[in-house]
2 protein chains.
Amino acid sequence: MSDSQSPDQPQNTGPSKSELKKLAKAAEKEKRAAEKAAKQQELAAQQKAEADLDCATSFYGALPLNQSQSRPRRPRDKIADLSSRVGEIVVLRARVQTSRAQGNKMVFLNLRQTTDTVQALLTVTPEKVSKQMVKWTAGLADESIILVEGTVTKVQEPIKSASVSDVEIHVHQIHLISGIDGRLPFSVEDAARPDTDLETSDVQYNRVLLETRLNNRIVDLRTQTSQAIFKIQSAIGDLFREYLSSHGFIEIHSPKLQGAATESGASVFKVGYFKGNAYLGQSPQLAKQMAIAADFERVYEIGPVFRAEDSNTHRHLTEFIGLDLEMTIEEHYHEVLEVLDGLFLSIFRGLREKYTKEIGVVQKQFPADDFKWREGLEGTLRLTFREAVDILVEDGVRREDLDDFSTENEKRLGRLIKAKYDTDYYIIDKFPMALRPFYTMRDSEDPTLSNSYDFFMRGEEILSGAQRIHDPAVLCEAMRSKGVDPESMKPYVDGFRMGCNPHGGGGIGLERVVMLFLKLNNIRRASLFPRDPKRLEP
Amino acid sequence: MSDSQSPDQPQNTGPSKSELKKLAKAAEKEKRAAEKAAKQQELAAQQKAEADLDCATSFYGALPLNQSQSRPRRPRDKIADLSSRVGEIVVLRARVQTSRAQGNKMVFLNLRQTTDTVQALLTVTPEKVSKQMVKWTAGLADESIILVEGTVTKVQEPIKSASVSDVEIHVHQIHLISGIDGRLPFSVEDAARPDTDLETSDVQYNRVLLETRLNNRIVDLRTQTSQAIFKIQSAIGDLFREYLSSHGFIEIHSPKLQGAATESGASVFKVGYFKGNAYLGQSPQLAKQMAIAADFERVYEIGPVFRAEDSNTHRHLTEFIGLDLEMTIEEHYHEVLEVLDGLFLSIFRGLREKYTKEIGVVQKQFPADDFKWREGLEGTLRLTFREAVDILVEDGVRREDLDDFSTENEKRLGRLIKAKYDTDYYIIDKFPMALRPFYTMRDSEDPTLSNSYDFFMRGEEILSGAQRIHDPAVLCEAMRSKGVDPESMKPYVDGFRMGCNPHGGGGIGLERVVMLFLKLNNIRRASLFPRDPKRLEP
């Protein structure tokens, strides 16, 4: 109501000097606002006039921020399926990997979805594709995410730059879903180039160093290679679980926060835990064994393990994924060895059968011989530690240097075995007791040997396992002989006092399996966001 | 040789007084040793004589420590299969849950394998089962692990104390694989008894307190109830993965060690990391989103999450398993909500179809109404936050107290919904923006609301999720408005600068789903080795 006394209204006294100043300021402000509004109107009118000339305004441009405003339920298509959809109109959400304008009437795009790319093409067409639309498209930054509608069209010559090479898309509509803010640290194309191209090509390509990749891991992960690597990593987890589920295993989850520094105190991360401390698990070894003591007959676990080792090598991480299993033994620890062998064969076969495409994508950037293993009656090659030593000695290594295998001798053995047996995968059984942890069961006949084994891929260890000691008295003695105080691991030892089945198991490093199967040469490429002594980000 | 000068021989001088004393002592010691040896010989002879009378010596006794000495490959049988094997001779490895001698000629055993028990019986039988064999068997401690051979025999009256109640085993051979060293903290039978029995029975049973159980978790985990709980936990993981795999998701593993205290600094564990510090991940939230920015279209992760909250309640752990997923959105965040809903329905159906036995085993100790959800056309109940508030207000809660739901009001809402809609499972959508973390996408029309949702089971939250902000400018503004410095989370924010798809997701607490589906009333029962502010062991 007009006569109400608004609190905003000035009191009925004459205006003061400062009030006059304020009023003058306000008037000035209003004037500027009016001028600005007029300018904006003018601009809008101009834009509208231009738009009237542009037949295609509704066919391109940036979409408003998706806040789930609407849901027309229009299905989206996959680049991988396009070859079979010639002549159809499709709608794709994709990245612009690269774009190339040809004059001002045509622009080529290379569109990408995970491991697949396809060529798309805009040409000025009356009432459909305007010059402005082509210009706008040509100006899209690489890695922009767009929504495209177009017709799938057969091409005469295969398009070498695209993974789907027999068709291209003739674009009718193109809208920006998400743009780029700033500059890319490197192009996804450069990141996906094999080293061999850099060495042999006449073109001066940009080499993207591993350090740069890891600092900008999100961009590096977008390469078709990385996309394929992590599909394969995920598949290995699935194959691991499938095989074990079908062999009566259940999945467990053991705590990573532990009350005591276990197994070997030296390489454990310490955590502040309320008013005290905790330690990060180096492996689920003790928990797995306690699960066996608790009558879980066959268990597996997939989870992070932490190693506070200052190892800066191609194959060490401070955090990696352990694929662990433990099972009761009826008669002999070779029951475990056979389950583990069956597991690996099942993983290898599964990858070969269902992931040929992804393996091929990775091989383009990381050329490697296909991974080889022995099948059928012949079966997996099994050597004893002694036999493996003999092979190396025969090749000229001094026996005195072979108390344990160095990384170098491990790889040498791998090459010798590959040459002799034509396999990248083998088992070495019966390691010397001196090389194994305290919980390892001794051989019943030769006390210098143990019921333990390692599995190898391309000359590198990927699994370590053994029969474990299930008798508390024997265990305590073994602990003391390795300098471990049984009292310091009381809950673990007590588990065996309450009766425990004979058992054995093993632990696999997931990233190592990925790296060695695909021959990536550095474990960081097989870890989503790798952690090493010098890297905690991203 | 007799004339050699042994170093042990005394020198050729006369013995001193102290030397004489020593000699006398030695002579005494020798005498005692001789006496002891004689006694032992006598005992052995006696035992041998008894053994000669004992026709059954090879049919019972302790086996030597299994060091994989031999591998006769004799198959072992399962208690669960015995009903169908009447008349057959079987070999079982099992725990002695309890034993009961009847005079000196008969002993009853209750044998256990994971979730199954069966009665076994030894009776003195000429040339087969000796008195000594019965006596030895009767002396076996509860929880001993034995290898038994016997004949499966039909019984007239069902055996109430065994889960396989229509047969018993007439034992021919029984050997000890692993015995008990010391006393059990409580019996497995006591640990498996429902609270209702303690209250209603005339018998004075031992009540096993939760604290005692957790201190001796290995024994507590051996109950049929615990065995069933962890089979169901494992099944939920399988059903989660199966559903998501079949919907185009891949599994990722993100690092738990992080360079900065993310999301909310208050409740993060600090880790010593070489010369600096790291922090344990509170959730894979940021990593999942970075995976989306890196073009992984649909990802899930199963892994530990850490919460340094000093919450000592029935439903908080400091370490638990997060079932997390994140996916791109084409048009609307309800696409995510529908995937999550489909996921839960698939888990519930899978449990009902394949785990009836295990659910039944748990219900014996923890009686509960079967978990209810809505199927078919009706579909899952979805309410908005406002509608949920209205339901509570209608029931008498003051609207002013409902800015957020307290645990109490959450449960009250659960009861009201159960009464009105007959469902234990429902979704609440459109939470106020003020209640959600900075990365939550605002509603496009009402800026006080957000595109976020919680899922509930039996009146407790089990999933929290939302559409996330994928635009770096909007994100930075949201961070600042919640007091988070975008610079402190640079690698995360930078991910969005390189272009990111609209996306959403959610996180589920595995142990909560297990607890609420089975109505275990305390989350510790759903965690293998639970961690809370006061517990880091076992």
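Reading the values: the criteria
- Residues numbered from 1 in each chain as written.
- Chains lettered and ligands numbered in written order.
- Predicted model: local features only at pLDDT ≥ 70, side-chain atom pairs only at ≥ 80, totals over all residues.
- Heavy atoms only, no water.
- UniProt positions renumbered as here; feature names shortened; annotations may be inferred.
- Pairing = 2+ DSSP bridges.
- Helix = DSSP H or I, 4+ residues; strand = E, 2+ residues; numbered from the N terminus.
- Contact = heavy atoms within 4.5 Å.
- Axes fitted to C-alpha atoms, helices over the stretch in contact; angles between N-to-C directions.
- Expected span 1.5 Å × (residues − 1).
- Buried < 20%, exposed > 50% of the residue type's maximum accessible area, 1.4 Å probe, protein only.
- Arc of directions from axis to C-beta.
- Buried area = accessible area lost by both parts, 1.4 Å probe.
- Salt bridge = Lys/Arg side-chain N within 4 Å of Asp/Glu carboxyl O.
- Polar contact = N/O pair within 3.5 Å; in protein donor to acceptor, adjacent residues only side chain to side chain.

Named according to an unreviewed UniProt entry, chain A is Aspartate--tRNA ligase, cytoplasmic originating from Laccaria bicolor. UniProt, in its Catalytic activity (unreviewed entry) section for chain A, records the words "tRNA(Asp) + L-aspartate + ATP = L-aspartyl-tRNA(Asp) + AMP + diphosphate". UniProt's Subcellular location (unreviewed entry) comment on chain A is quoted here verbatim: "Cytoplasm".

**Q** Describe the sheet that holds strand β7 (residues 250–251) of chain B, with residues and values.
**A** Residues and elements named next belong to chain B. Within the open sheet, the 8 strands sit side by side as β7-β11-β12-β17-β16-β15-β14-β13. Their pairing is mixed. Each end of this open sheet is capped by a strand with a single partner; those strands are β7 and β13 (381–384). In the sheet, strand β12 (residues 319–328) pairs with strand β17 (residues 503–509) via 7 bridges, with the strands oriented antiparallel. Looking at β17, one finds that Leu 325 is bridged to Gly 506. Here helix α11 (residues 385–394) sits on the sheet in contact with β13 and β14 (425–429), set at roughly 90° to β13.

**Q** Could you give me a rundown of helix α12 (residues 407–421) of chain B, with the residues and numbers involved?
**A** All names here are of chain B. With 15 residues, α12 extends 21 Å from end C-alpha to end C-alpha; this agrees with the ideal 21 Å at 1.5 Å per step. Buried within α12 are the following residues: Asn 409, Glu 410, Leu 413, Gly 414 and Ile 417. Buried positions in α12, seen along its axis, are confined to an arc of 150° and lie on one side of it. Exposed and oriented more than 90 degrees from the buried face of α12 are Glu 408, Arg 415 and Ala 419.

**Q** Can you break down the interface of chain A and chain B residue by residue, with the values?
**A** Taken together, the contacts link 110 residues of chain A with 110 residues of chain B. Together, the buried faces of chain A and chain B total about 9400 Å²; carbon and sulfur atoms form 56% of this surface. Area buried by chain A at its contact with chain B is led by His 253, Glu 331 and Met 498 of chain A, which between them contribute 8% of it. At the boundary of chain A and chain B, one finds 18 salt bridges. Its salt-bridge partner being Glu 251 of chain A, residue Arg 241 of chain B comes within 3.1 Å of it at the nearest N-O pair. There are 72 residue pairs in polar contact (both at pLDDT 80 or more) connecting chain A and chain B. A per-element tally of the side of chain A that touches chain B places helix α7 (residues 224–245) of chain A first, with 8 residues.

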